[in-house]
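Coordinates in review
One letter stands for each residue in the lines below.
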Amino acid sequence: MKGQGFLRRFGYARSGIAVAFRRERSMRTHGVAVVAVVIFLTLTGAPAVWWALIGLAVGLVLVAEMANTAIETLADRLHPGQHPEIGVVKDVAAGAVLVATLVAIVVGVAYLLR
Ligand SMILES: Nc1ncnc2c1ncn2[C@@H]1O[C@H](COP(=O)(O)OP(=O)(O)OP(=O)(O)O)[C@@H](O)[C@H]1O
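Quick caveat, the model's predicted, so the values are computed rather than measured. For every chain, the first residue of the written sequence is number 1, and numbering continues from 1 onward in sequence order. Where local features are concerned, this predicted model is filtered to residues with pLDDT of at least 70; where side-chain atom pairs are given and counted, the filter is 80 or more; whole-chain, interface and lining totals use all residues. Hydrogens are left out, water is left out, and the side-chain values use all remaining heavy atoms of the structure.

Below, the discussion takes up the overall build of the protein. The secondary structure listing takes helices from DSSP runs of H or I that are at least 4 residues long and strands from runs of E that are at least 2 residues long, numbered from the N terminus. A count of helical and extended segments in the protein gives 4 helices and 0 strands. Going residue by residue from the N terminus, the α and β elements of the protein occur as α-α-α-α. For 114 residues, the compact-globule formula gives about 13 Å, and the C-alpha radius of gyration of the protein, at 17 Å, lies well above that figure. Judged by the C-alpha coordinates and their principal axes, the protein covers about 50 × 40 × 20 Å. Relative accessible area decides the class of each residue, using a 1.4 Å probe on protein chains only: under 20% of the type maximum gives buried, over 50% gives exposed, and in between gives partly exposed. Looking at the protein as a whole, 21% of its 114 residues qualify as buried. The atom set for the radius of gyration is the C-alpha atoms, and the globule formula is 2.2 Å times the number of residues raised to the power 0.38.

Only heavy atoms are used to decide nearness, and a residue is near a molecule or strand if one of them lies within 4 Å of it. Around the ligand, the surrounding shell consists of Glu 24, Glu 72, Gly 81, Gln 82, His 83, Ile 86, Gly 87, Lys 90 and Asp 91. Within the contact set of the ligand, an oxygen atom lies 3.0 Å away from a side-chain nitrogen or oxygen of Glu 24. Nitrogen and oxygen atoms within 3.5 Å of one another constitute a polar contact, given that in protein one can donate a hydrogen and the other can accept it, and given that sequence-neighbouring residues count only through two side-chain atoms. In this structure, an oxygen atom belonging to the ligand sits 3.0 Å away from a side-chain N or O atom of Lys 90. Only the protein chains shown count as covering a residue, and every accessible area follows the Shrake-Rupley method with a 1.4 Å probe. Alone, the ligand offers 620 Å² of accessible surface; in the complex the protein occludes 56% of this. Following the grouping adopted for this structure description, the nonpolar residues are Ala, Val, Leu, Ile, Met, Phe, Trp, Tyr, Cys and Pro, the charged ones are Asp, Glu, Lys and Arg, and the polar ones are all others, Gly among them. Partitioning the shell around the ligand into residue classes produces 1 nonpolar, 4 polar and 4 charged.

Let us now look at the packing of aromatic side chains. Aromatic rings from Phe, Tyr and Trp, with only the six-membered ring used for Trp, were paired whenever their centres fell within 6.5 Å, and each pair was classed as stacked if the ring planes differed by under 30 degrees, edge-to-face if by over 60, and tilted otherwise. A full pass over the atoms with the stated rule returns 3 aromatic pairs. Any Lys NZ or Arg CZ that is within 6 Å of a ring centre and within 35 degrees of that ring's normal is treated as a charge sitting over the ring. Lying over the aromatic face of Tyr 111, Arg 114 brings its terminal NZ or CZ to 3.9 Å of the ring centre.

Moving on to the confidence of the model for the protein. Per-residue confidence from the predictor is reported as pLDDT, a score between 0 and 100. For the protein, per-residue confidence averages 96 on the pLDDT scale, and residues scoring 70 or more make up 99% of the total. Confidence scores differ between elements of the protein, with helix 1 (residues 6-23) showing the lowest mean pLDDT of 95 and helix 4 (residues 84-113) the highest of 98.

Time to look at the environment of Glu 72. Among the structural elements, Glu 72 can be located in helix 3 (residues 48-78). It is 23 Å that separates the C-alpha atoms of Glu 72 and Ala 33, two residues lying 39 residues apart in sequence. Each residue touching Glu 72, except ones within four places of it in the same chain, is listed here: Glu 24 and Lys 90. Contact between two residues is taken to exist if any of their heavy atoms lie within 4.5 Å; hydrogens are not considered.

Below is the structure:
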């Protein structure tokens, strides 16, 4: 499956995003939060630098959530049963989402206090 055209690879990536939103409720929650953030930044007339900072923070959360979904799916497929190391893998992946979310909260609070 290597060496495929850009449009085909773009299609795979787009369907990966769609699957993540379909399967993961937390992904849909983040999606709603992104829409709310965009409306809030528009209404408060946020300067470009804050759009960039908050966009980076929000993007980080979405990327972490998608990586978490991919890792969970792979772990469950490769090892459907219980195993302490699978638990560690899932906990670390979930920890990445938490770190990204905390970063986004810090950036959001900094915007409100600016
Ligand atoms: N196969 C497993 N073996 C050992 N521990 C597991 C296993 N699956 C899950 N766990 C433990 O349970 C926790 C929750 O797992 P789960 O798969 O429900 O993740 P989740 O983040 O709640 O998933 P989702 O994002 O689908 O809601 C994991 O973080 C891990 O500590």
